[in-house]
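# An overview of the molecular structure
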Amino acid sequence: MEHYPPIEDKNLKILQGGVGSKMLSGKKRLLVKGFALFLAIMPLELIAAESGATETRQQVEQDVEQRVAQLLAQMSIEQKVGQMIQPEIKFASPADVKKYHLGSILNGGGSFPNMHKNASVQEWIDLADEYYKASMDVSGGGLAIPVIWGTDAVHGHNNVIGATLFPHNIGLGAANDPQLLRRIGEITATEVAATGIDWIFAPTVAVVKDNRWGRTYEGYSSDSGIVKSYAGEIVAGMQGVDGELRTNSKKVISTAKHFIGDGGTYRGVDQGDTRLDLDTLLEQHGQGYYQAIEAGVQTVMASFNSWNGDKIHGNKTLLTDVLKDQMGFDGFVISDWDGVGQVEGCTTESCPQAVNAGIDMIMVPQGWKNLFNNMLAQVESGEIPMSRIDDAVTRILRVKIRAGLFEKGAPSSRDLAGKTDLIGSPEHRAVARDAVRKSLILLKNKNQLLPLKGNQHVLVTGDGADNIGKQNGGWTITWQGTENKNSDFPGATSIFAGLKQAIENIGGSVELSADENWVKKPDVAVVVFGEEPYAEGVGDIESLVYRDGLQTDLELLKSFKAKNIPVVAVFLTGRPLWMNAELNSSDAFVVAWLPGTEGGGVADVLVADSEGKPRYDFTGRLSFDWPNRELNLAQISAPVDDFLLTRGQGLSYGDAEIVADNLDDKPLIDTSKAARIVFSGSARPPFKTYVGDSSNWQKLVQGNQSSTAFGDLTVTTVDGTVQEDSRLVEWKGGRESQFYWQSEAGVDLTNLRKEDAALVMIFKVNKSPKGAVTLRMDCGWPCSGGLNLTRVLRAIPEDQMVRLGVKLSCFEKVGVNLKKVNSPFVLVSSKPFALTISDVRVTSKISEKSLIGCD
């Protein structure tokens, strides 16, 4: 067992500093002390060389500033405001870039050229070329200023089919290898550059303080020191050092995000409130930013969360006084997706408060034209000072010049353009596989069951065994990482495929099963299971109970134990969870986190060589504490031993056990009475989204838009309160078609029935129904019961969000067996009708006035 060494930083107080006006900025203070130390220890002959290099760097920066000033002096107010706006590629054409002088565009998670999920590298480059050429076209007047394209490449170039995808940050934190992070940054930048894109919205340098947060896996650790040790390395990998960004075609602009305190919100609520004084905020959540700025990060993304009740997108103290003035950041601040709309008194299309607070570029995917016009008016009225506009545009131009965008030319003309062999290359995949090996954590290895030997027949099962999408998690091709198939990952390896190859190479045999059944009785069972993919607030949970208490995976583990078959559990997760029952039911327990495309890295560590010895040892160590209860201390009044294992723990082969066989696995909360969420941002386990008609009654919804086989019903992912959190369901009229959520096994809702719970829906009617609409609940066809909702839906004003509920007792009365509900929501019609659904759940928390009758 190993522990991380204590992180001792003599400069910590210098880095934390204060925000008093008499104190030097964080960057300047560090430079002063570092330069003094540098001179003290440097040989005299090297001092002169360093002095010359410093003068050269200063001259380069002077040249940059002169170019910026010259450009700024020639720009109209329309050109300046355009530089400050960043729409999404679905909502802004190359012609728009030219007309409005747009400074940037982005593709969000699950957005592709021409809405084509399988877009080729050439398609990415072609679109990048169109935007670039539009920005450089001065036929209508104005200046040629290259547009900059940003993308969320958060664990590799994760929007592009065939790219190398690395373990998510939580796994990299467990690897405890800063140099590995630099190499990952280099590879990610190379693959991004090969598609003609200039800018990555990474790294995330969040310090996660509550595992209930849906973005926990985006953080390296709950410890600021680990995050600090990584931040500068990955920035250097992406951007290079000493001016490489300007001249090296393999380098792209990076982003430190989300400034600041995103991982410290009260009870882990995404976009919630971080309640700390300024010194503590910087000490706990600022260390990664100091290091990223020191490494030269060019952009910082503002965070959705509030600080002591004030939305950071509108907080001048943090964005300007602290980040820019005190910390010395001279790049530009980009807002998050429609984040300005959360500032008090603002909308996504009008927010002078955010600009005045220090937002330099506004990410407003769809409503950007109104924003453009409103900003012009606000500058004209003086609501936004011209000095603030000039400062923002100065920063944007500075970054573009430093990145060499004026010299690099069209994306298709750059050195790496179209080199498809770089996307998912063997060399890149080898690094990702190494990262997987280093990220794995062994929590239990009873009787040294691992490594697996060559004389064994191994059964591999669990819903994560041969599921490359699941092992990648969120931010994978689609925003949520859902609705992906193995065929969407050419060149990737599932965990099963990796195990099969490794075991057969040493003379063993492998069998894949969908459940506990087999053809040949196994010597050992490997069960691969875990969380379904999610991203951002969709992943928020109320407790650390695994899958809201769903017992399917636990029952699978127990089934092998009951037959005296040794069990290896491989857990896919974006956070530490309360897994005491699963640990008790396993002989060996491996935390694989979200390993990415290279599932073979799991087998490298789990499978022995031909002599029965480990090929690679377990070196991963927890970068988060592991809970011993499903509740955090903040949730209960009685003191409990909250942690089973602490940061830095983990086993290597031959170590003594650190987890007992008889952990307390009795839950403190009754999950059978907790609300059963069916859909909230995405389908929640165990439910999946389907459409159907007489040609195919069970068609899985995939991607941003899906239709029934005959095409009379279409489902589209749309923005509601936040990005892509709702589903627009449209019946065109014609054949009877249905939209529904379904699980493979029935769910018992009888305890919720005793609580007088209801099926509760939050939705708006976009188009009133022209015919009958039925809401049905199924319990394993032909067990079913439905209610006619036509009159209720017609009475709701169009485009008005409502919350309505139907009691479970109503469905019970029409024949639904509540002990085995597999489809809690089925909506059926054959006539024109449209609604947008944002939330569906079974809960007792609903007012009487929101309930509709059974008749």
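The shown structure was predicted, so the numbers you read here are calculated from the model rather than taken from an experiment.

The helix and strand tally for the protein stands at 26 helices and 32 strands. The C-alpha radius of gyration computed for the protein amounts to 28 Å, which stays within 12% of the reference 29 Å derived for 855 residues, consistent with globular compactness. The proportion of buried residues among the 855 residues of the protein is 61%. Taking the contacts inside the protein whose residues are at least 6 apart along the sequence as the reference set, 76% of them involve residues at least 24 apart. When the accessible area of the protein is evaluated, it comes to approximately 31500 Å², of which 49% is carbon and sulfur surface. Each charge class in the protein can be summarised by its mean position, and for the 87 positive and 105 negative side chains these summaries are 3 Å apart.

In spatial order, the strands read E6-E8-E9; together these 3 strands make up an open sheet with mixed pairing. Only two strands of the sheet have a single neighbouring strand rather than two, namely strand E6 (273–274) and strand E9 (310–311). Two elements, strand E8 (residues 306–307) and E9, share 2 bridges in a ladder whose sense is antiparallel. In the strand pairing of E9, Trp307 is matched with Asp310.

Reading across from one edge, E2-E3-E4 is the order of the 3 strands in this open sheet, with parallel pairing throughout. Of all strands in the sheet, those bounded by a partner on one side alone are strand E2 (104–107) and strand E4 (199–200). In this sheet, E4 lies alongside strand E3 (residues 148–151) in parallel orientation, the contact comprising 2 bridges. The residue bridging Thr151 from the neighbouring strand is Ile200, located in E4.

Our next topic: unusual backbone geometry. Note that the residue after Ala202, namely Pro203, is joined by a cis bond; omega there is 15°. Structurally, Pro203 is set in the loop between E4 and helix H9 (224–239). Cis geometry is adopted by the peptide bond preceding Pro686, which originates at Pro685 and carries an omega value of 5°. Structurally, Pro686 is set in the loop between strand E20 (676–680) and strand E21 (688–693). For Gln271, which is not glycine, the phi dihedral falls at a positive 65°. As for its position among the elements, Gln271 is in the loop between strand E5 (255–259) and E6.

This part is about the pairing of strand E26 (residues 737–742). Counting buried positions along E26 yields 6 of 6 residues, so the element is predominantly enclosed. On E26, burial covers both faces: Ser737, Phe739 and Trp741 on one face and Gln738, Tyr740 and Gln742 on the other are all buried. Note that E21 and E26 share 5 bridges and pair antiparallel. Each residue of the ladder has a partner; that of Thr689, found in E26, is Trp741.

This paragraph deals with H9. Over its 16 residues, H9 runs 23 Å from end to end, which matches the ideal 22 Å to within 8%, given 1.5 Å per residue. Where H9 starts, the residue carrying a side-chain oxygen 3.0 Å from the main-chain nitrogen of Gly225 turns out to be Asp223. Looking one or two residues past H9, Gly240 carries a phi angle of roughly 80°, positive in sign.

Glancing now at the state of the cysteines. Enumeration according to the criterion identifies 3 disulfides in this entry. Note that Cys779 is cross-linked by a disulfide to Cys783, the S-S spacing being 1.8 Å. Because the torsion about its S-S bond is -80°, the bridge between Cys779 and Cys783 counts as left-handed. For the pair Cys779 and Cys783, one class covers both residues: buried. Disulfide pairing places Cys810 opposite Cys854 at an S-S distance of 1.9 Å.

Moving on, we get to the pattern of salt bridges. In this structure the tally under the stated criterion is 49 salt bridges. The partner of Asp152 in a salt bridge is Lys257, with the nearest N and O atoms 3.3 Å apart. Taken together, the positions of Asp152 in the loop between E3 and helix H7 (169–175) and Lys257 in strand E5 put the pair 105 residues apart, joining distant regions of the chain. Each member of the pair, Asp152 as well as Lys257, is classed as buried.

On to the environment of Pro595, then. Locating Pro595 in the fold gives a position in the loop between strand E17 (588–593) and helix H23 (600–606). Assessed through its relative accessible area of 0%, Pro595 is described here as buried. Taking C-alpha positions, Pro595 is 8.3 Å from Ala435, a pair spaced 160 residues apart along the chain. If we ignore the near neighbours within four places in the chain, the residues touching Pro595 are Leu165, Phe166, Pro167, Val436, Gln471 and Leu572.

Here we come to helix H21 (residues 552–562). For H21, the complete set of buried residues consists of Asp553, Leu554, Leu556, Leu557, Ser559 and Phe560. Each element contacted by the buried residues of H21 is listed here: strand E13 (457–461), strand E15 (524–530), strand E16 (567–572) and helix H22 (580–584). Asn564, located one to two residues past H21, shows a positive phi value of around 60°.

Now for the confidence of the model for the protein. Residues with a pLDDT of 70 or more make up 92% of the protein, whose mean pLDDT is 91. When the criterion is pLDDT under 50, residues 1–47 qualifies, and its contacts beyond four places in sequence or with other chains add up to 77 contacts. Confidence drops under pLDDT 50 across residues 636–640; counting only partners more than four residues distant or on other chains, this segment forms 3 contacts.

The next subject is the side chain of Gln738. Note on placement: Gln738 falls in strand E26. Residue classification places Gln738 among the buried positions, given a relative accessible area of 8%. Only 3.4 Å separates the side chain of Gln738 from the side chain of Arg776, close enough to count as a polar contact. Among residues more than four places away in sequence, those in contact with Gln738 are Tyr690, Val691, Gly692, Trp697, Leu713, Arg776, Val826, Leu827 and Val828.

Attention now goes to the packing of helix H8 (residues 178–194) against helix H18 (residues 426–439). Orientation of H8 relative to H18, taken along the N-to-C sense of each, is 145°, at an axis distance of 11 Å. Viewed along their axes, H8 and H18 form a crossing whose handedness is left-handed. Two secondary-structure elements touch here, H8 through Leu180, Arg183, Ile184, Ile187, Thr190 and Glu191 and H18 through Glu427, His428, Val431, Asp434, Ala435 and Lys438. A per-class count over the contact of H8 with H18 returns 5 nonpolar, 2 polar and 5 charged.

Conventions we followed
Residues numbered from 1 in each chain as written. Predicted model: local features only at pLDDT ≥ 70, side-chain atom pairs only at ≥ 80, totals over all residues. Heavy atoms only, no water. Helix = DSSP H or I, 4+ residues; strand = E, 2+ residues; numbered from the N terminus. Rg over C-alpha atoms; globule rule 2.2 N^0.38 Å. Buried < 20%, exposed > 50% of the residue type's maximum accessible area, 1.4 Å probe, protein only. Contact = heavy atoms within 4.5 Å. Areas by Shrake-Rupley, 256 points an atom, 1.4 Å probe, with all protein chains shown as cover. Lys, Arg positive; Asp, Glu negative; His and termini not counted. Charge placed at Lys NZ, Arg CZ, Asp CG, Glu CD. Pairing = 2+ DSSP bridges. Expected span 1.5 Å × (residues − 1). Polar contact = N/O pair within 3.5 Å; in protein donor to acceptor, adjacent residues only side chain to side chain. Disulfide = S-S within 2.5 Å. Salt bridge = Lys/Arg side-chain N within 4 Å of Asp/Glu carboxyl O. pLDDT = per-residue confidence, 0-100. Axes fitted to C-alpha atoms, helices over the stretch in contact; angles between N-to-C directions. Left-handed = near helix turned anticlockwise from the far one by under 90°. Nonpolar A, V, L, I, M, F, W, Y, C, P; charged D, E, K, R; others polar.

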